[in-house]
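Summary of the model geometry
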Amino acid sequence: MRIEGIPASAGYAEGPLFDLDGPPVAYRGKASTTEEKAALKSAIDKAVSRLTALAETADGEAAGILEFHIAMLQDDALSVPAFAAIGSGEPADAAWRQALDAEIAGYEASDQDYFQARAADLRDIRDQVLRALSEDGEAAAPPGAILYGTDIAPTRFLETDWSRGGGIALKAGSTASHVAMLARSRGVPMVVGLGASADSPVGVALLDAEHGGIVLSPSPAEVEAFRQSSSAFAARQGKAQTFLAQPAITRAGTVVRVQVNIADPSDVDGIDIASCDGVGLMRTEFLFGKVLPDEETQYRAYRKVLEWAGGKPVTIRTVDAGGDKPLPGFTVAETNPFLGLRGIRLSLTRPDVFRVQIRALLRAAVHGNLKVMFPMIATAEEYALAAALFAEEQTGLASRGVAHKLPPLGIMVEVPSVAIAPEAFADVAFLSIGSNDLTQYVMAAARDNAAVAHLNSVRHPAVLRLIASVAAFGREKGIPVSLCGDSGGDPAAIPALLEAGLRDLSVAPAQLAMAKAAIADVSV
Ligand code: PEP
Ligand code: MG
C-alpha cells in the first residue's frame, strides 16, 4: 500500500518501520550505581526546568502550586532516601518511587486536610520525575529504521544515529519545520503529511522522499521499482558532486556565492571548506539543548567553526528560541508561539542569558571572520537594543583585559515589517532573508502544519516581490543581502531567487552540490 505525502528532505530509505507513537517505554537500568544516581539527578533537574517553564506563564494560583512543586523537588529531604536506596542497589526509578510512596503514605495518614491534600502534589512530583527518567531511556530505533509517527521532536532527531541510513515518515509535520531543516542538513530522507493510517505500522517499508510517499508491506515488484528510482537518484546526486569543487556560476556567467547552514559545530566535520563560501547561518539554539550552555561551552563551539572556516566568513545567529523551538527553562508557554516571544524578543527579555552568548561571541571573534546576526527582528529599536548590549559587553571585556573583537552586526529579514519597510535598517552591516519564516508570515501558513503546506511556498509572487525589493534596497544602500532560508537549497526555487536579484545563498550542506548544479542551469 502506497500512502502519498509531501517530500521534506529528498532521498530514499528502505528499512524496518519504527513506531514513534508507540507506548512510552519503561526506564532502562544503568550499568553502575554512579550512573543510576546521575540518571535520577538529571531527571529531577529536567522536571524542575519543565515546571519552571510552566510556572513562568502560569497565573497566580497555578504559579503558586508549581512553585511549591519546584521547591519540593529541590528539597534534599525528598531525594536523600532515594539516593540512599540507589546506593544499596536499587535502580533509579524504583528507588525514587519507593521514597516518594513512603512520603505520600505519611501525608495520606495525616488527619489534617492540609497534609492529605499535599499527597496529591507529591504524586504529581513523583510522576514528573518518573516521566523524565523513562524518556531518558526512550527506546532507540534500530539502525536504518524508518521512524513513522505523528510528529518527531528535534531532540529525538538529534539523538538518532543516522550513519546507517533510515528515514522519517510523518503523518503530520511540515517541510518547513526545524526537524525537516535538520533532516535536509544531514541528508536524512523525510516525508510529511502522510495523514493518519488505520494500521499500526510493522515490517519493512519503502520511503520515497524524492516524490513524497511511503509503501507499506511492499510487493517484490514494488521493491524492484523502488531500488531503481533510488539508484537513479543516487546517480544524479553523484553527478551533482562534480559541481561541488567549483564556484557556483550561472549559464550566463553570473557568480553566486553559496554558503552553508549549520546547527551543531560538528556539522562542519564532513564539509570541505573549499566546497563553499563560508557559513551563512549557524543556528545556535541547538547548542541550548537541555540546559543553557555556559560562556565557555559556547565560546569553544563558535571558535571551532571559525577556525574550520579559516578566514572565510562565518555568520552566527544569536539564539532563536521559541516558535517551534521550545527550550525548557528559557522559552515560555504561549497559545501562538510563532507570533510570540521568540528570537530577539525573548533574548531581550532575558539579558542574563543573552549577555553570556554575547561575551562568547565577542571572544570567539578574534579567531576568524565572524559576523553576528539577530533573528526575528521586527523593529529598528530591537536591533539598537541588541547592538547596545554588544557594546556594553565589549566595554566589560576590554576593562578586564580579555581578548575580543566586535563583529559586524546584521539582521534576519524574516518578519514582514522589515521586508516591507527596510529603510529603518540602513545602518545594519548586512541583511539575511529567512525565507522559512518570511513565507509563513506572509502566507499566514504555519511552517509546521502539513494541512497548509501547499500555501507555504516561497515562489508565491507576494513572497518573491518582497525578496526582490529587499535585494534592491541592499544594492541601493550598499548593504549585502543574502538568503539563508531552506528555499536557497531547493533546485525548484533557485531560478526565481536569482531572478529576484539574489546572488548570495546559504544552503543545507546536503544540498550544496544540487544547489550548485541548479545554479549552473539558470540563465540569469
Ligand atoms: C528562516 O526563517 O528562514 C531561517 C533561516 O531561520 P529558522 O529556519 O531557523 O527559523
Ligand atoms: Mg527563522
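Predicted model, so just to flag it, every value in this text is computed and none were measured. (Residues numbered from 1 in each chain as written. Chains lettered and ligands numbered in written order. Predicted model: local features only at pLDDT ≥ 70, side-chain atom pairs only at ≥ 80, totals over all residues. Heavy atoms only, no water.)

**With respect to the overall build of the protein**
A tally of regular secondary structure across the protein gives 17 helices and 17 strands. By the compact-globule yardstick of 24 Å for 524 residues, the protein fits well, its C-alpha radius of gyration being 25 Å. Each of the three principal axes of the protein carries a C-alpha extent, and together these read 85 × 70 × 40 Å. Put simply, the protein has 524 residues, and 51% of those count as buried. Of the roughly 21900 Å² of accessible surface on the protein, 55% is carried by carbon and sulfur atoms. Distance between charge centres in the protein, computed from 46 positive and 63 negative side chains, equals 7 Å. (Helix = DSSP H or I, 4+ residues; strand = E, 2+ residues; numbered from the N terminus. Rg over C-alpha atoms; globule rule 2.2 N^0.38 Å. Buried < 20%, exposed > 50% of the residue type's maximum accessible area, 1.4 Å probe, protein only. Areas by Shrake-Rupley, 256 points an atom, 1.4 Å probe, with all protein chains shown as cover. Lys, Arg positive; Asp, Glu negative; His and termini not counted. Charge placed at Lys NZ, Arg CZ, Asp CG, Glu CD.)

**Remarks on the pattern of salt bridges**
When the charged atoms of two side chains with opposite charge come close together, those side chains can pair. As enumerated under the stated definition, the model contains 29 salt bridges in all. Between Glu307 and Arg303 there is a salt bridge whose closest N-O contact spans 2.8 Å. In this pair, Glu307 and Arg303 both sit in helix H9 (residues 295–309), four residues apart, roughly one turn of the helix. Classification of Arg303 as partly exposed rests on a relative accessible area of 30%. Through salt bridges with shared partners, one network takes in Glu285, Arg317, Asp320, Lys325, Arg342, Asp437 and Arg447. (Salt bridge = Lys/Arg side-chain N within 4 Å of Asp/Glu carboxyl O.)

**Overview of the coordination of the magnesium ion (ligand 2)**
Within the protein, the atoms that donate to the magnesium ion (ligand 2) are Glu414 (OE) and Asp437 (OD), at distances of 2.0 Å. Taken together, the positions of Glu414 in the loop between strand E14 (409–413) and helix H13 (416–420) and Asp437 in helix H14 (residues 435–443) put the pair 23 residues apart, joining distant regions of the chain. According to the relative accessible area criterion, Glu414 is buried, its value standing at 1%. A residue is classified by how much of its surface remains accessible, and Asp437, at 2% relative accessible area, is buried. (Donors = N, O, S within 2.8 Å, 3.2 Å for Na, K, Ca; no water.)

**Quick look at the site of ligand 1**
Neighbouring ligand 1 are 16 residues; Arg283, Arg317, Gly434, Asn436 and Arg447 lie closest to it. Measuring from an oxygen atom of ligand 1, one finds a backbone N or O atom of Gly434 at 3.4 Å. Compared with its free state, where it exposes 290 Å², ligand 1 has 100% of that area covered by protein. Taken together, the elements giving at least two residues each to the shell around ligand 1 come down to strand E11 (279–283) and H14. Examining the composition of the shell around ligand 1, we find that three residues originate from one element, H14, more than from any other. Of the residues contributing to the shell around ligand 1, the split by class is three nonpolar, five polar and eight charged. (Near = heavy atom within 4 Å. Polar contact = N/O pair within 3.5 Å; in protein donor to acceptor, adjacent residues only side chain to side chain. Nonpolar A, V, L, I, M, F, W, Y, C, P; charged D, E, K, R; others polar.)

**As for the sheet that holds strand E1 (residues 2–4)**
If you trace the eight strands from one edge of the open sheet to the other, you get E1-E8-E7-E3-E4-E5-E6-E2, paired in mixed fashion. Each of the sheet's edge strands pairs with one partner strand only, and the pair in question is E1 and strand E2 (6–9). On average, each strand axis in the sheet is inclined to that of its neighbour by 30°, with strand direction left out of account. With four bridges connecting them, strand E4 (residues 146–149) and strand E5 (residues 167–170) associate as parallel partners. Looking at the pairing, Gly149 lines up with Leu170 of E5. Where helix H8 (residues 220–244) meets the sheet, it contacts strand E3 (12–19), strand E7 (204–208) and strand E8 (213–216), and its direction lies at approximately 120° from that of E3. (Pairing = 2+ DSSP bridges. Axes fitted to C-alpha atoms, helices over the stretch in contact; angles between N-to-C directions. Contact = heavy atoms within 4.5 Å.)

**Things to note about the nonpolar core**
Grouped burial of nonpolar side chains is what soluble globular proteins tend to show. Counting 81 residues, the largest nonpolar core has Phe374, Ile467 and Leu505 as the members making the most contacts within it. Counting 31 residues, the second largest nonpolar core, distinct from the first, contains Ala85, Ala92, Ala95 and Leu100. (Core = buried A, V, L, I, M, F, W, Y, C linked by side-chain atoms within 4.5 Å.)

**Quick look at helix H11 (residues 351–364)**
Compared with the 20 Å implied by 1.5 Å per residue over 14 residues, the 19 Å span of H11 between its first and last C-alpha is a close match. Counted residue by residue, H11 has 10 buried out of 14 residues, so it is predominantly covered. Those residues of H11 not exposed but buried are Val353, Phe354, Gln357, Ile358, Arg359, Ala360, Leu361, Leu362, Arg363 and Ala364. On the buried face of H11, the contacting elements are H9, strand E12 (313–317), helix H10 (344–349), strand E13 (369–374) and helix H12 (380–399). (Expected span 1.5 Å × (residues − 1).)

**Here's the deal with the pairing of E7**
Most of E7 sits inside the fold, with four of its five residues counted as buried. Pairing of E7 with E8, which is carried by four bridges, proceeds in the antiparallel orientation. Within E8, the residue paired with Ala205 across the bridge is Leu216. Counting the residues in the hairpin turn of E7 and E8 gives four residues, including Gly212, whose phi is positive at 95°.

**As for the packing of H11 against H12**
To describe two helices that pack against each other, one gives the angle between their axes and the distance between the axes. H12 packs onto H11 with a crossing angle of 65° between their chain directions and a minimal axis gap of 9 Å. In this structure, the crossing between H11 and H12 has a hand that is right-handed. Along its contact with H11, which presents Phe354, Arg355, Ile358, Arg359, Leu361, Leu362 and Arg363, the element H12 presents Ala386, Leu389, Phe390, Glu392, Glu393, Gln394 and Leu397. Counted by class, the contact of H11 with H12 contains eight nonpolar, one polar and five charged residues. (Left-handed = near helix turned anticlockwise from the far one by under 90°.)

**A few points about the packing of H8 against helix H17 (residues 512–520)**
For the pair H8 and H17, the least separation of the axes is 8 Å and the interaxial angle reads 75°. Comparing the axis directions of H8 and H17 gives the class roughly perpendicular. Contacts between H8 and H17 involve Phe233, Gln237, Ala240, Gln241, Phe243 and Leu244 from the former and Leu512, Ala513, Met514, Lys516, Ala517 and Ala520 from the latter. Residues of the contact of H8 with H17, tallied by class, amount to nine nonpolar, two polar and one charged. (Parallel < 35°, antiparallel > 145°, perpendicular 65-115°, else oblique.)

**Comments concerning the environment of Phe233**
Within the secondary structure, Phe233 sits in helix H8. Look at Phe233 and you get buried, because its relative accessible area is 8%. Separated by 23 residues in sequence, Phe233 and Glu210 place their C-alpha atoms 8.2 Å apart. In this view, Phe233 contacts Ala10, Gly11, Tyr12, Glu210 and Met514; residues no more than four positions away in its chain are not counted.

**What about the packing of aromatic side chains?**
Taken as a whole, this structure holds six aromatic pairs when the rule is applied. Put simply, the rings of Tyr12, Phe226 and Phe233 touch in pairs and so form one group of aromatic residues. When the ring centre of Tyr299 is taken as origin, the NZ or CZ atom of Arg363, which lies over that ring, is 4.1 Å away. The ring centre of Phe430 lies 5.3 Å from the NZ or CZ of Lys371, which sits over that ring. (Phe/Tyr/Trp six-rings, centres within 6.5 Å; stacked < 30°, edge-to-face > 60°. Lys NZ or Arg CZ within 6 Å of the ring centre and 35° of its normal.)

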